[in-house]
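Residues per chain, in single letters:
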Amino acid sequence: MNTTIDTPLNVISLENNNFNLYRLNIVELYRQVFSESSWKEGWKCSCGFQCSYWDIPDWFCSDCWEKMQDYYSQEEIEWFVKSIFEKDYYQALLWLSSSNKVVAFTWWWIDNLVGLNDEKLWLCMPKLKELRETLKKRWYDIEEAFYYQSETWVDPREQWKWYGKDIISINQDILRENQDKVSQVIQRTSKQSRMFNMRLAQWYELVYEYCDAAERVLFAKKV
Ligand SMILES: CC(C)(COP(=O)(O)OP(=O)(O)OC[C@H]1O[C@@H](n2cnc3c(N)ncnc32)[C@H](O)[C@@H]1OP(=O)(O)O)[C@@H](O)C(=O)NCCC(=O)NCCS
Ligand SMILES: [Zn+2]
């Protein structure tokens, strides 16, 4: 994929051959970022309760008093991130500080709606049909592939420094440069994440609402 990047931090492509260098740093940040209040993916209990790392200082579930466990195991995160290297078209970018610490991460890949649904959207058939109808009405080509914009995150200690905005605009530039391949993007996020307003500000269209506790939504845009 063509990539033009202009940012004060060092941006590199994450690939199978450099993954090990950043593996532990990525795992640590994945956990911290998604443990925050909007996602509550810090601890989980077998009863279904989940919360941020800092919500329960004694690691016991406040609903059933069972011992909680990490929402994501290290292996799970590693496997999940590494799975992108098996895809035909993907991009995973890391923003690095001058001391080579990971500050931010974003990734996306290309697939059709059915493939994306199996892997990320998880809509039952009637709901997928609903999404297809909405997309069709808004002139998306549902038979063509989409970019799936997967997670974008910034180290919690480095948030509110405009890096998120920087990443989003770089993302957008890369997708535009490659629009001869694919010219539509879909993203799953949550109304509770700051990403929600950032995407609305960029004229992303709200095309589906999940009606779950995390208030997940799907956005789409023609790049
Ligand atoms: C969403 C996320 C990536 C944003 O990253 P960030 O680096 O903190 O974002 P920015 O600093 O670029 O801030 C974006 C907004 O905050 C505002 N902002 C940033 N720094 C600011 C500051 N110092 N003072 C006031 N406002 C500020 C900007 O105005 C911008 O708002 P705008 O779009 O209305 O102009 C980050 O909050 C995050 O990692 N969240 C957790 C993971 C997540 O939910 N990711 C999305 C999943 S899909
Ligand atoms: Zn419990």
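The residue numbering used here restarts from 1 in each chain and proceeds along that chain's sequence as written. To label them, take the chains in the order written and letter them from A, then take the ligands in the order written and number them from 1. Only residues with pLDDT of at least 70 are given local features in this predicted model, and only at 80 or more are side-chain atom pairs given and counted; all residues enter the totals for whole chains, interfaces and linings.

Of the regular secondary structure elements, the chain holds 6 helices and 10 strands. Since a compact globule built from 223 residues should have a radius of gyration of about 17 Å, the 18 Å found for the chain is in line with a globular shape. Counting only residues that meet the buried cut, the chain has 28% of its 223 residues in that class. Contact definition: two residues whose C-beta atoms, as placed from backbone geometry, lie within 7 Å. The long-range share in the chain, meaning contacts at least 24 apart out of those at least 6 apart in sequence, stands at 62%. A run of DSSP states H or I qualifies as a helix once it reaches four residues; a run of E qualifies as a strand once it reaches two. Both are numbered from the N-terminal end. As a reference, a globule follows 2.2 Å times the number of residues to the power 0.38, and the radius of gyration itself is taken over C-alpha atoms. With C-beta atoms placed from the backbone, the exposure class of a residue follows from how many other C-beta atoms lie within 10 Å of its own: 20 or more, buried; 12 or fewer, exposed; in between, partly exposed.

Spatially, the 3 strands line up as an open sheet ordered β3-β2-β4, and their pairing is antiparallel. Of all strands in the sheet, those with a lone pairing partner are β3 (50-51) and β4 (69-70), marking the two edges. When DSSP finds two or more bridges between a pair of strands, those strands are recorded as paired.

What follows covers the pairing of strand β5 (residues 90-96). Of all 7 residues in β5, 6 are buried; the element is thus mostly enclosed. In the sheet, β5 pairs with strand β6 (residues 102-111) via 7 bridges, with the strands oriented antiparallel. Each residue of the ladder has a partner; that of Ala92, found in β6, is Trp107. Where β5 hands over to β6, the hairpin turn is made up of 5 residues, of which Asn100 adopts a positive phi near 70°.

Attention now goes to the site of ligand 1. In the vicinity of ligand 1, 20 residues are found, and the nearest of them are Gln159, Gly164, Lys165, Ser193 and Met195. For the shell around ligand 1, the elements supplying multiple residues, two or more each, are β7 (146-154), α5 (163-177) and α6 (194-201). The residue inventory of the shell around ligand 1, partitioned by class, reads 9 nonpolar, 6 polar and 5 charged. Defining nearness, a residue is near a molecule or strand when the C-beta atom obtained from its backbone falls within 6 Å of it. Asp, Glu, Lys and Arg are counted as charged, while Ala, Val, Leu, Ile, Met, Phe, Trp, Tyr, Cys and Pro are counted as nonpolar; the rest, among them Gly, fall into the polar class.

Helical geometry note: an α-helix holds 3.6 residues per turn, so side chains three or four residues apart project in the same direction. Relative to the 18 Å expected for 13 residues at 1.5 Å per residue, helix α4 (residues 125-137) spans 18 Å between its end C-alpha atoms, a close match to the ideal helical length. The positive-phi residue at the C-terminal boundary of α4 is Trp139, with phi of around 70°. A helix is expected to reach a length of 1.5 Å times the quantity of its residues less one.

This part covers the pairing of β6. For β6, the tally of buried residues reaches 9 of 10 residues, placing the bulk of the element in the interior. By the bridge criterion, 7 bridges tie β6 to β7 in an arrangement that is antiparallel. Paired with Trp108 across the bridge in β7 is Gln149.

Here 7 strands make up an open sheet; going across it, the order is β1-β5-β6-β7-β8-β10-β9 and the pairing mixed. With one partner strand each, in any of the chains shown, β1 (10-13) and β9 (205-209) form the two edges of the open sheet. This sheet shows a mean twist of 25° between the axes of neighbouring strands, independent of strand direction. All axes here are fitted lines through C-alpha atoms, helices being fitted over the stretch that makes contact, and every angle between N-to-C directions spans 0 to 180 degrees. The strands touched by helix α3 (residues 113-121) are β6, β7, β8 (184-190) and β10 (216-222); relative to β7, the strand with the most contacts, the crossing angle is about 30°. The sheet strands contacting α6 are β7, β8 and β10, and the helix crosses β8 at an angle near 150°.

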